[in-house]
Amino acid sequence: MIRVLIIAQIVWRETIRRKDLYVLFILLLSFLLVLMTLNIFGLRSMTGYIKETGLLMAWIFAWILAVGGGARQLPQEERNGTIFPLLAKPVKRSELIIGKWLGVWGVTGAATACFYIILAVIVAARAGRFSPVLMLEAWMLHFCFIGILSAFVILFSTRMNSDAAATAAAVLSVASFLFLPQIPHLAGIASGWRREVLLVVYYALPHLELFDLRQRVIHNWDPVGPASFLMIVLYGLLTAAVFILLAWLAYRRKKFSRDVI
């Protein structure tokens, strides 16, 4: 467990050195400050636009951090040749994968928490209403989404280079988020093998839309019930664990070459 935490800490340090977080923070803060100065349709007190835009950017930026950070972890170690001394510590491949995943998940989740705090402060400055409980639930489910996405990306990176892993994970995650909720309707009007294929896709891919509470936050709806919230969290943790297990199975027999450039 100590080795896993050390690897996760290294991921944190690497991410901070790359300064990706600072760029995203500046972009988010700039967009929200510009939005605060706008007089949309003459309604200065309307904070729904600020919440909607801020949450959308928080999701996009967290998605960029998770996909970009997760895709480069293992391929970078292999390309630089640092995989050999790392595994000779000795560090088990399972510990390497879990440590990388925890590092990417943790640093992206912490950045997302800062995004939510910035948004809450700006909404409060405009005398807007929001539920602290609902905002906390929205971040916690967003945090679970990041854990699934990070594991998803690392799974692809066990057998692909960083660019291919990022592209595959990006396409499939966006498809899962946007396309899966439409499958029940499409399956209802399809027939034969097309319906069967749609149902296989529906049950095979993770339902990432379950973790999106943006509409509840924007419209100040009631928080999610404890039972439903717990079920979604458990689903997220189980899905991430399955992806990490698949990543370990794909990586445990992988051969490395010292000629990798």
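Structure: see above.
This structure is a prediction, so every number in the text was calculated from the model and none was measured. (Residues numbered from 1 in each chain as written. Predicted model: local features only at pLDDT ≥ 70, side-chain atom pairs only at ≥ 80, totals over all residues. Heavy atoms only, no water.)

**Let's talk about unusual backbone geometry**
Excluding glycine, residues mostly carry a negative phi; peptide bonds, for their part, are mostly trans.
Now for step 1: In this model, Asn-220 sits at a positive phi of 55°, which is unusual for a non-glycine residue.
Now for step 2: With respect to the secondary-structure elements, Asn-220 resides in the loop between helix H10 (214–218) and helix H11 (226–251).
Now for step 3: Asn-220 gets classed as partly exposed once you look at its relative accessible area, which sits at 28%. (Helix = DSSP H or I, 4+ residues; strand = E, 2+ residues; numbered from the N terminus. Buried < 20%, exposed > 50% of the residue type's maximum accessible area, 1.4 Å probe, protein only.)

**Let's talk about the side chain of Glu-95**
Now for step 1: Summarising the element assignment, Glu-95 is placed in helix H5 (residues 93–125).
Now for step 2: Taking relative accessible area as the criterion, Glu-95 reaches 11% and is therefore assigned buried.
Now for step 3: There is a polar contact of 2.9 Å between the side chain of Glu-95 and the side chain of Arg-3.
Now for step 4: The contacts of Glu-95, once residues within four sequence positions are left out, are Arg-3, Val-4 and Ile-7. (Polar contact = N/O pair within 3.5 Å; in protein donor to acceptor, adjacent residues only side chain to side chain. Contact = heavy atoms within 4.5 Å.)

**Let's talk about the environment of Val-67**
Now for step 1: Along the chain, Val-67 turns up in helix H3 (residues 48–80).
Now for step 2: Along the backbone, Val-67 and Ala-168 are 101 residues apart, and their C-alpha atoms lie at a distance of 9.8 Å.

**Overview of the packing of aromatic side chains**
Now for step 1: Following the criterion strictly, the structure yields eleven aromatic pairs and no others.
Now for step 2: Seen from their ring centres, Trp-59 and Phe-145 are 4.7 Å apart, and the 45° between their planes marks the pair as tilted. A residue pair is termed long-range when its members are at least 10 positions apart, and Trp-59 in helix H3 and Phe-145 in helix H6 (residues 132–157) qualify at 86 residues. Accessibility assignment for this pair places Trp-59 and Phe-145 in one class, buried.
Now for step 3: When the centroid spacing of 6.4 Å and the interplanar angle of 70° are considered together, the rings of Phe-145 and Phe-177 count as edge-to-face. Of this pair, Phe-145 sits in helix H6 while Phe-177 sits in helix H7 (residues 162–178), placing them 32 residues apart in sequence. For the pair Phe-145 and Phe-177, one class covers both residues: buried.
Now for step 4: Ring pairs connect the aromatic residues Trp-101, Trp-105, Trp-139 and Phe-143, which therefore count as one cluster.
Now for step 5: When the ring centre of Tyr-251 is taken as origin, the NZ or CZ atom of Arg-93, which lies over that ring, is 5.9 Å away. (Phe/Tyr/Trp six-rings, centres within 6.5 Å; stacked < 30°, edge-to-face > 60°. Lys NZ or Arg CZ within 6 Å of the ring centre and 35° of its normal.)

**Concerning a nonpolar patch on the surface**
Now for step 1: Taken together, the side chains of Leu-238, Val-242, Leu-245, Leu-246, Trp-248 and Leu-249 present a nonpolar region at the surface, about 520 Å² in accessible area.
Now for step 2: When you line up the elements, Leu-246 lands in helix H11. (Patch = residues over 30% accessible without salt bridge, like charges linked within 9 Å, V, L, I, M, F, W, Y side chains within 5 Å. Areas by Shrake-Rupley, 256 points an atom, 1.4 Å probe, with all protein chains shown as cover. Salt bridge = Lys/Arg side-chain N within 4 Å of Asp/Glu carboxyl O.)

**Topic: the nonpolar core**
Now for step 1: If you look at the biggest cluster of nonpolar residues, it comprises 63 residues, and the most contacted ones within it are Leu-96, Ile-97, Trp-101, Tyr-116, Leu-141, Phe-145 and Phe-211.
Now for step 2: If you list the elements that add at least two residues to this core, you get helix H2 (20–37), H3, helix H4 (83–87), H5, H6, H7, H10 and H11.
Now for step 3: Excluding residues that lie within four positions of it along the chain, Leu-141 makes contacts with Leu-210, Phe-211, Leu-213, Phe-229, Ile-232 and Val-233. (Core = buried A, V, L, I, M, F, W, Y, C linked by side-chain atoms within 4.5 Å.)

**Notes on the packing of H5 against H6**
Now for step 1: For the pair H5 and H6, interaxial distance at closest approach is 9 Å and the crossing angle is 150°. When the axes of H5 and H6 are compared, the pair comes out roughly antiparallel. For the pair H5 and H6, the crossing hand works out as right-handed. Contacts between H5 and H6 pair Ile-97, Lys-100, Trp-101, Val-104, Trp-105, Thr-108, Gly-109, Thr-112, Ala-113, Tyr-116 and Ala-120 from the former with Met-135, Ala-138, Trp-139, His-142, Phe-143, Ile-146, Gly-147, Ser-150, Ala-151 and Ile-154 from the latter. (Axes fitted to C-alpha atoms, helices over the stretch in contact; angles between N-to-C directions. Parallel < 35°, antiparallel > 145°, perpendicular 65-115°, else oblique. Left-handed = near helix turned anticlockwise from the far one by under 90°.)

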